[in-house]
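A structural walkthrough
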Amino acid sequence: MRTNETSGKITKSAYEELILICSKALPMEACGVLARSENEDAATIIFPIKNVHNSPSNSFSFDPKEWTTAFFEMQKKGQTLVGIYHSHPHSAPFPSLRDYSGFLPSSELTYWIVSLENSLAPNVQPYTKSNGYFKAVSLVLT
Ligand SMILES: [Zn+2]
């Protein structure tokens with residue numbers, strides 16, 4: 001039985017990189033995955049993946065080729081996939097209707113939304129998704 005509450009654990013440097021990547025993608029949504037190195041329990045690595053959605057300013061979908069490359073890169077380095085992130089260039093870090101109808105599956109992964117609504121104060125909110133519902137979990141910087 002799992003007794004630990006899932007949380008969004010991330011190292012400070014990975015967190016800063018995540019925000020930088022999302023800021024650079026403006027005015028489009030950025031997307032990608034978070035991974036952790038062996039013997040780490042926090043996300044340590046960010047893999048940006050090209051957003052190939054046909055309306056990238058308010059939706060995202062992974063470039064399948066870059067996603068595959070990132071996945072094999074992780075395997076090669078013994079890293080573990082922990083989550084999927086995307087940004088909200090102009091809205092709060094709440095899952096949108098598009099996020100609900102999009103491709104994010106219910107799973108053990110965490111789903112991170114980086115809100116750049118206030119560019120001076122980016123707001124990052126991790127979620128879990130089960131039975132089709134997103135549930136906010138706490139962000140923990142390590
Ligand atoms: Zn979204």
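Now for a description of the structure that goes with this document. Since this is a predicted model, take the numbers as computed values, not measurements. (Residues numbered from 1 in each chain as written. Predicted model: local features only at pLDDT ≥ 70, side-chain atom pairs only at ≥ 80, totals over all residues.)

Topic: the sheet that holds strand β6 (residues 123-130)
Taken together, six strands build an open sheet; the order of strands is β3-β2-β4-β5-β6-β7 and the sheet is mixed. Strands at the two margins of the open sheet, each flanked by one partner only, are β3 (45-49) and β7 (133-136). Neighbour to neighbour, the strand axes of the sheet diverge by 30° on average, direction disregarded. Along the sheet, helix α1 (residues 12-25) contacts β3, β4 (80-88), β5 (107-115) and β6; its crossing angle with β3, the most-contacted strand, is approximately 15°. Packed on one face of the sheet, helix α2 (residues 64-76) meets β2 (31-36), β3 and β4 and runs near 160° to β3. (Pairing = 2+ DSSP bridges. Helix = DSSP H or I, 4+ residues; strand = E, 2+ residues; numbered from the N terminus. Axes fitted to C-alpha atoms, helices over the stretch in contact; angles between N-to-C directions. Contact = placed C-beta atoms within 7 Å.)

Some thoughts on the environment of I21
Looking at the secondary structure, you find I21 in helix α1. In this structure, I21 is in contact with A30, I46 and P48, ignoring residues within four places of it in sequence.

Observations regarding the nonpolar core
Judged by nonpolar contacts, the single largest core of 27 residues is most densely connected at A14, L18, L34, Y85 and V114. Among the secondary structure elements, those contributing two or more residues to this core are α1, β2, β3, β4 and β5. No other element matches the five residues that α1 contributes to this core. Every residue in contact with L18, bar those within four places of it in the chain, is listed here: I46, Y85, V114 and V124. (Core = buried A, V, L, I, M, F, W, Y, C linked by C-beta atoms within 7 Å. Buried ≥ 20, exposed ≤ 12 C-beta atoms within 10 Å, placed from the backbone.)

Looking at α1
An ideal rise of 1.5 Å per residue puts 20 Å on 14 residues; α1 measures up with 20 Å between its terminal C-alpha atoms. Looking only at α1, the buried set comprises A14, Y15, L18, C22 and A25. One side of α1 holds all its buried residues, which, seen down the axis, span an arc of 105°. Those residues of α1 that are exposed and aimed more than 90 degrees away from the buried face are K12, S13 and K24. Packed against the buried residues of α1 are β1 (8-10), β3, β4, β5, β6 and β8 (139-141). (Expected span 1.5 Å × (residues − 1). Arc of directions from axis to C-beta.)

Geometric values such as these leave the question of function open.
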